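# Descriptive analysis of the structure
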Amino acid sequence: MNAPRPQGEAESSRVRVLVAEDQSAVRAGLVLILRSAPDIEVIAEAADGEQAVRLTRELRPDLVLMDVQMPRLDGVSATREIVAEQLADVLVLTTFDLDEYVFGALRAGAAGFLLKDSDAAGLLEAVRTVARGEGMIAPAVTRRLIAEFARPNPAPAAATADPAALASLTPREREVLGALGRGLSNAEIADHLAMAEATVKTHVSRVLGKLGLRSRVQAAVLAQELGGVR
């Protein structure tokens with residue numbers, strides 16, 4: 001997503017992360033965990049949403065670890081600005097006290113959702129997964145989303161796709177969209193559809209572009225809302 005940076009091979013392989021969390025103790029804990037991993041670099045910290053957006057514009061991290069409830073500018077609004085400007089991928093941290101935060105962040109284009117009570121290993125794996133260009137949703141969040149879909153009149157969690165846009169998908173792109181809806185990673189899609197992983201990434205990008213979606217998580221939710229795609 002971001003423009004290439006003139007870095008050495010070893011340095012460029014590290015995931016550059018900006019941590020946005022208003023509670024200093026929580027933020028310090030997140031930074032400590034992230035810095036324990038040799039392949040992750042914390043390049044900045046933000047205590048509110050406005051600072052998170054400003055620092056993201058200035059530093060262009062690979063990923064922003066974003067709390068949803070922050071002063072001055074909430075995490076959902078900050079995510080919307082960052083994604084709209086294609087500055088970085090956003091991994092949202094939530095306690096899941098309020099569903100509207102999660103659905104709002106999903107509509108804003110967040111690439112992943114992680115509960116604050118996740119352990120260190122879960123946090124590191126989530127950062128790596130999103131950095132690879134693969135969306136992720138914590139299992140507890142997935143259960144809530146599925147429960148929402150099961151309601152008679154569920155609230156829309158992602159933008160409804162234009163029927164004409166859906167019709168414009170090639171058969172292969174529809175297969176990829178269906179695989180996203182089943183929560184498959186790029187590697188799993190490649191294995192399932194017998195294609196190169198790089199080709200899967202290309203198809204995912206085309207699906208997002210044609211459907212006007214901001215993240216593969218939105219695509220996965222849309223596929224589930226459609227009851228699977230064939």
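The structure reproduced in this document is the subject of the present report.

Thresholds, definitions, all that
Residues numbered from 1 in each chain as written. Predicted model: local features only at pLDDT ≥ 70, side-chain atom pairs only at ≥ 80, totals over all residues. Heavy atoms only, no water. Salt bridge = Lys/Arg side-chain N within 4 Å of Asp/Glu carboxyl O. Helix = DSSP H or I, 4+ residues; strand = E, 2+ residues; numbered from the N terminus. Buried < 20%, exposed > 50% of the residue type's maximum accessible area, 1.4 Å probe, protein only. Contact = heavy atoms within 4.5 Å. Polar contact = N/O pair within 3.5 Å; in protein donor to acceptor, adjacent residues only side chain to side chain. Pairing = 2+ DSSP bridges. Axes fitted to C-alpha atoms, helices over the stretch in contact; angles between N-to-C directions.

A complete count under the given rule lists 12 salt bridges for this structure. One salt bridge connects D48 with R72, and the closest N-O pair in it is separated by 3.4 Å. Here D48 is found in the loop between strand 2 (40-46) and helix 3 (49-59), whereas its partner R72 is found in the loop between strand 3 (63-67) and helix 4 (75-84), with 24 residues between them in sequence. The exposure class assigned to D48 is buried, which follows from its relative accessible area of 8%.

Moving on, we get to helix 3. Along helix 3, the positions that sit buried rather than exposed are G49, A52, V53, L55 and T56. Buried residues along helix 3 sit against strand 1 (15-20), strand 2, strand 3 and helix 4. At the N-terminal boundary of helix 3, the capping side chain belongs to D48, with an oxygen 3.0 Å from the backbone nitrogen of E50. R60 sits one or two residues past helix 3 and shows a positive phi near 50 degrees.

Our focus in this paragraph is the sheet that holds strand 5 (residues 112-115). Spatially, 6 strands are ordered 2-1-3-4-5-6 in an open sheet, and the strand pairing comes out parallel. Pairing within the sheet leaves two strands with one partner each, and these edge strands are strand 2 and strand 6 (136-137). As judged from the 6 bridges shared by strand 1 and strand 2, these two strands associate in the parallel manner. Bridged to A20 within strand 2 is A46. Sitting on the sheet, helix 2 (residues 24-35) touches strand 1, strand 2, strand 3 and strand 4 (89-94), and the angle it makes with strand 2 is about 165 degrees. Where helix 4 meets the sheet, it contacts strand 3 and strand 4, and its direction lies at approximately 160 degrees from that of strand 3.

What follows concerns unusual backbone geometry. Phi is positive for R60, close to 50 degrees, though the residue is something other than glycine. As for its position among the elements, R60 is in the loop between helix 3 and strand 3. By relative accessible area, which is 34% here, R60 ends up partly exposed. For Q86, which is not glycine, the phi dihedral falls at a positive 55 degrees.

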